[in-house]
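One letter stands for each residue in the lines below.
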Amino acid sequence: MIDLRSDTVTKPTPDMLKYMMEAEVGDDVYKEDPSVNQLEEYMAELFGMDAALYFPTGTMANQAAIKLLTNPSEQLICDKWAHVYNYEGGGVAFNSGVSCKLIDGDRGKITADQVQKAINPPDFYHSPMSTLVCLENTTNKGGGACYHLDDIKAIKKVCDENDLKLHLDGARLFNAIVANNHDPKEFGALFDTISICLSKGLGAPMGTILLGKKEVMQNAMRVRKVLGGGMRQVGFAASAVYYALHHHVDRMVDDHRRAKEISDVLKTENYVSKVEKTETNIVIFYLNESVIKEAEFLSYLENNKIRISTMGEGKMRIVTHLDYSEEDHQKILEVLKI
Ligand SMILES: *Cc1c(COP(=O)(O)O)cnc(C)c1O
């Protein structure tokens, strides 16, 4: 089966497994796991940020960041498609007691002007205090769209002028970095906190890193503890991440090329009504259901041993990743030509 539902389906490569087996470990709750410590130091240095902390999941890292940057009753500003709003179980309300002001962005991206307009006047005590902006890069629901750095800088300026904090949900930040030749430090300089998933395109089995400024991260260990995320000999998993950061970053260009090639084939097929712009490893397209029904299309793929995801109402998603080979790719390009 060729599984293109998500880039979370990858399994550790034999070399990664070997590296994991040789990891030096200790009790990370005592901060005595050398593999975790090495990973955290490496990531903080790579992004030029003060500190890093290893979390079991991206959701927990985002939730911790929001907790660290807000107080109950306050409001955060994000795109209407944001993961923190849609896919974290309402955790912003549950864990931090904050509400979300949603922005009608473009493929999951918002602008400085939209942020400016979404800020509640601080002296108007009837409204929640706006205190945090959460961005996503690349955007998940927005089909892997990337921000221009200038647009983030403009948002950062609005945040500084209005005393707002800025968090980046960088679940797929390495895809954005590779696709646009960014220097990771450019992101480190702009955000109070950044979460980065290592269990997606990078192919590690689990884990997300939260990066942040010293003042913020001082309390991050306690918040992680409260959320139940303190782990013990987790260096086995952290070493897989360390391995992935050294072997699986540059190869993301292949995922991006393949996604683009899939997108180019889909554009020529009459059963497709629209293909969203493909910038990284996610292809979003809409079926022309007068030509083929969603269930029919999915079973056609299933019969060809291919799995993709549906987002409802004929909206389909394909995600390329480490376990998707060139051979798989050539097969799919043929199968998609119906
Ligand atoms: C996957 C993802 C996360 C975190 O997901 P987990 O499954 O909790 O690791 C957060 N934000 C975005 C945009 C994502 O795509």
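The rules behind these values
- Residues numbered from 1 in each chain as written.
- Predicted model: local features only at pLDDT ≥ 70, side-chain atom pairs only at ≥ 80, totals over all residues.
- Heavy atoms only, no water.
- Domains from an automatic or database assignment.
- Buried area = accessible area lost by both parts, 1.4 Å probe.
- Salt bridge = Lys/Arg side-chain N within 4 Å of Asp/Glu carboxyl O.
- Polar contact = N/O pair within 3.5 Å; in protein donor to acceptor, adjacent residues only side chain to side chain.
- Helix = DSSP H or I, 4+ residues; strand = E, 2+ residues; numbered from the N terminus.
- UniProt positions renumbered as here; feature names shortened; annotations may be inferred.
- Axes fitted to C-alpha atoms, helices over the stretch in contact; angles between N-to-C directions.
- Parallel < 35°, antiparallel > 145°, perpendicular 65-115°, else oblique.
- Contact = heavy atoms within 4.5 Å.
- Nonpolar A, V, L, I, M, F, W, Y, C, P; charged D, E, K, R; others polar.
- Pairing = 2+ DSSP bridges.
- Near = heavy atom within 4 Å.
- Core = buried A, V, L, I, M, F, W, Y, C linked by side-chain atoms within 4.5 Å.
- Buried < 20%, exposed > 50% of the residue type's maximum accessible area, 1.4 Å probe, protein only.

Glancing now at the domain arrangement of the chain. In many reports, interface size means the accessible area that the parts give up when they come together. Domain boundaries in the chain define domain 1 (14-247) and domain 2 (251-335). Spacing between the C-alpha centres of domain 1 and domain 2 amounts to 28 Å. Between domain 1 and domain 2 the total buried area reaches about 1400 Å² when both faces are included, carbon and sulfur atoms providing 55% of it. At the boundary of domain 1 with domain 2, the tally comes to one salt bridge. Among the ionic pairs, R107 bridges to E279, the shortest N-O distance being 2.8 Å. For the pair domain 1 and domain 2, the number of links is six residue pairs in polar contact (both at pLDDT 80 or more). No other element matches helix α8 (residues 173-180), which puts four residues into the side of domain 1 that touches domain 2.

Our next topic: the UniProt feature "domain: Aromatic amino acid beta-eliminating lyase/threonine aldolase" (unreviewed entry) in the chain. Mapped onto the present numbering, the UniProt feature "domain: Aromatic amino acid beta-eliminating lyase/threonine aldolase" (unreviewed entry) falls on residues 3-288. With 41% helix and 17% strand, residues 3-288 has its two end C-alpha atoms placed 23 Å apart.

On to the packing of α8 against helix α13 (residues 252-267). For the pair α8 and α13, the least separation of the axes is 9 Å and the interaxial angle reads 80°. If you check the angle between α8 and α13, you find them roughly perpendicular. Of the residues in α13, those in contact with F174, N175, V178 and A179 of α8 are M252, V253 and H256. Of the residues assigned to the contact of α8 with α13, the class counts are five nonpolar, two polar and no charged.

With that settled, consider the sheet that holds strand β13 (residues 315-319). Across the sheet, four strands lie side by side as β9-β10-β13-β12; this open sheet has antiparallel pairing. This sheet does not close on itself; its edge strands, each paired only once, are β9 (272-275) and β12 (309-310). Running at roughly 15° to strand β10 (residues 282-287), α13 makes contact with β9, β10 and β13 of the sheet. Taken strand by strand, helix α14 (residues 294-303) contacts β10, β12 and β13, and its axis lies near 25° from that of β13.

Another point: the site of the ligand. Close to the ligand lie 13 residues; G58, T59, N140, D169 and K200 are nearest. Residue G58 places a main-chain N or O atom 2.8 Å away from an oxygen atom belonging to the ligand. Here an oxygen atom of the ligand and a side-chain polar atom of T59 are 2.6 Å apart. Taken together, the residues of the shell around the ligand sort by class into two nonpolar, six polar and five charged.

Of all hydrophobic cores here, the largest spans 56 residues; its most connected members are M43, Y54, V133, L135, I155 and F174. Apart from residues no more than four positions distant in its own chain, M43 is found in contact with A52, F174, I196, I209, L211 and L245. Counting residues in hydrophobic clusters, the runner-up holds 24 residues, among them A259, V265, L266 and M316.

A few words now on the UniProt feature "modified residue: N6-(pyridoxal phosphate)lysine" (unreviewed entry) in the chain. On the UniProt side, "modified residue: N6-(pyridoxal phosphate)lysine" (unreviewed entry) is annotated at positions that read K200 here. As for its placement among the helices and strands, K200 is situated in the loop between β7 (193-197) and β8 (208-212). A relative accessible area of 12% places K200 in the buried class.

Moving on: the environment of G188. Tracing the sequence through the fold places G188 in helix α9 (residues 184-188). Separated by 10 residues in the primary sequence, G188 and V178 place their C-alpha atoms 16 Å from one another. Not counting chain neighbours up to four residues away, the residues in contact with G188 comprise F47, M49 and I194.

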